[in-house]
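# What the coordinates show
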Amino acid sequence: MREDIHRGIPSTRSLRPEEGWRALRNMLVPPGSPLMGLLSLHRTFASDEFELSAPRLRMRVAAGPASVKRVLHEQADGYRSRLEGDPVTALFGQGLLVIDGPRHGAVKDVIVRSSTRGVLESRLRDTLPALDEALQRALGQGTISLPDMPRRMTWRALESVYFHHRLTPEEERAHLSDLTHLVHYIGPGWWLLLGKTPRLPKAYHRMRLRLSAMYERALIRPDNAPIHALARACGDEETSFAVDQLMTLLVAGHDTATSLLSSLLILLAQRPGLQDALWGEIQGATGRERPEIRVLDRLPLLDAVVKETLRLYPPIHSGLRSEVESGDRVMVSYFLLHRHQEIWPDADSFVPERWLTGLAPGAYTYLPFGAGPRYCPGATFARLEVKWILARLLQHVSLQPMSRPPRIAMRAALEHRPTVIAVRRR
Ligand code: HEM
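Anyway, here's the lowdown on the structure attached to this text. Computed from a predicted structure; not experimentally measured.

With that settled, the discussion passes to the pairing of strand 6 (residues 329–333). Regular strands show a simple pattern: their side chains alternate between the two faces of the sheet. Counting buried residues in strand 6 gives five out of five residues, a clear majority hidden from the surface. Residues of strand 6 alternate between two faces, with Arg329, Met331 and Ser333 on one and Val330 and Val332 on the opposite face, all of them buried. Pairing geometry for strand 2 (residues 57–62) and strand 6, over four bridges, is parallel. In the sheet register, methionine 59 faces strand 6, and the bridge partner there is arginine 329. Here strand 5 (residues 318–323) runs beside strand 6; their pairing, made up of five bridges, is antiparallel. Bridge pairing in strand 6 places serine 322 opposite arginine 329.

Turning our eyes to something else, we now look at the environment of arginine 288. With respect to the element layout, arginine 288 can be found in the loop between helix 15 (272–286) and helix 16 (293–296). With relative accessibility at 47%, the residue arginine 288 sits in the partly exposed group. If we skip the residues at most four places from it in the chain, arginine 288 touches Gln283, Arg392, Gln395, His396 and Arg426. Separated by 3.3 Å, the side chain of arginine 288 and the backbone oxygen of glutamine 395 make a polar contact.

Attention shifts here to the site of the ligand. Not every one of the 28 residues close to the ligand is listed here, only the nearest: His104, Lys108, Arg321, Tyr334 and Cys376. A distance of 2.6 Å is found between an oxygen atom of the ligand and a side-chain nitrogen or oxygen belonging to histidine 104. Counting residues per element, the ones that place at least two in the shell around the ligand are helix 6 (101–114), helix 9 (148–163), helix 14 (239–269), strand 5 and helix 19 (379–396). Of the residues forming the shell around the ligand, the biggest block, seven residues, is contributed by helix 14. Taken together, the residues that form the shell around the ligand break down as 18 nonpolar, seven polar and three charged.

What follows is about unusual backbone geometry. Cis geometry marks the peptide bond from leucine 146 to proline 147, where omega comes out at 0°. For proline 147, the location among the structural elements is in the loop between strand 4 (143–146) and helix 9. Positive phi, normally seen in glycine, also occurs at aspartate 346, with a value near 50°. Counting through the fold element by element, aspartate 346 comes out in the loop between helix 18 (334–338) and helix 19. Since its relative accessible area comes to 51%, aspartate 346 is described here as exposed.

The nonpolar side chains of a soluble globular protein tend to be buried, and buried together. Ranked by size, the top nonpolar core spans 114 residues in total, and within it Leu91, Ile144, Leu211, Met247, Leu278, Leu390 and Leu399 carry the most contacts. The element best represented in this core is helix 14, accounting for 17 residues. Here leucine 390 is in contact with Leu261, Leu264, Leu265, Leu268, Leu278 and Leu302, once residues within four sequence places are set aside. Membership of the second largest hydrophobic core comes to 12 residues, among which are Ala62, Val71, Leu337 and Tyr364.

Looking now at the environment of isoleucine 343. With respect to the element layout, isoleucine 343 can be found in the loop between helix 18 and helix 19. A relative accessible area of 28% places isoleucine 343 in the partly exposed class. Dropping the residues within four chain positions of it, isoleucine 343 is found in contact with Pro65 and Thr365.

Rules of the game
Residues numbered from 1 in each chain as written. Predicted model: local features only at pLDDT ≥ 70, side-chain atom pairs only at ≥ 80, totals over all residues. Heavy atoms only, no water. Buried < 20%, exposed > 50% of the residue type's maximum accessible area, 1.4 Å probe, protein only. Helix = DSSP H or I, 4+ residues; strand = E, 2+ residues; numbered from the N terminus. Pairing = 2+ DSSP bridges. Contact = heavy atoms within 4.5 Å. Polar contact = N/O pair within 3.5 Å; in protein donor to acceptor, adjacent residues only side chain to side chain. Near = heavy atom within 4 Å. Nonpolar A, V, L, I, M, F, W, Y, C, P; charged D, E, K, R; others polar. Core = buried A, V, L, I, M, F, W, Y, C linked by side-chain atoms within 4.5 Å.

So this is what it looks like as structure tokens:
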């Protein structure tokens, strides 16, 4: 199988030392992972478009602006989102991430229109007491646990926008544990090579029951614009279709923001000078008051740090499609695109300053939220919640340097292995 996977590598060219080191570092040196290393090695030889193949798997990888644009935009109609039998299809049913064609457009429109910036801002404001509570707990312990703490925070943000239902601490523990099982269920695994759908975990059935109950309760609240819009679009009799959408928003919206927040904390812990500069910017704009979202959105260094983290560690590292005509799988590698050495100077390093020059990245070179018809409908929400949580955190504490960053796993999203960051009160 290894031979098959490397089939695209031409034998006439030998690996230059810096290329070999780059691949090795992406593979072995934390936070690298075997898959990260393998992908970057493959791309070194096989350029912006290549094929990974194994006995039951043929997957074309788009990893440069032209090939990515073709799949996401120019020929988007020639691709389906998911194959029947994939875990994603089993988990999300008729969820937005799975359906194609006009129904996809209609549901997406509802979600995007009902989650306007105004709605998001006012809903997110509800998250602050929960954030402060968790922060105080972290301060008491002198540590922040990853990914637990970001998981709790990003769930609270989703809860305040879509569900309006505060779980008890015990319910929340069960809920987040189930969520983690579901996220792992849809990640890449042996099923890709064996061509066999793994059985849905028990967590799936528990989660559906919980989401159905939350949906019914949220419908009763007159001020829940996104849920009411969703209900109108799904029709009264289609609760199951609406719950598919909620499952999609929950899983797609939770793990991604958790990953981004974890990456930010880990990167900032390693850069005390940058952290102080960021703290100064936030302090200058808000003092110790709870920050207003629209103020945070105008802070250039905060913006640059978030953008650069999304470049280096895009939570959704790849988008999967299947070609309608051939049935072949296609992977759009946002990870490789963001580390393209001809596009990004010092591509593997964390350089937030590159975003302070006023120059915008070229078309189809930076796509942390995707592009085209399947562009992420939660992009505004994610940026707002993460900036807000990070700013609030830095107002209170400084993150202490870690001896070395935890490893990353390329699952459904990029996922840092559990770790602890020491914090000191400011
Ligand atoms: C940092 C946070 C996030 C990142 C980096 C991110 C990234 C992405 C990317 C790259 C895609 C396109 C994948 C592809 O090409 O197949 C996507 C799709 C999607 N995202 Fe996000 N996302 C984030 C947060 C959220 C949030 C908060 C929500 C919802 C509340 C959300 C809901 C979705 C949904 C439903 C889709 C599927 C869209 C479709 O198929 O039309 N995401 N996201």
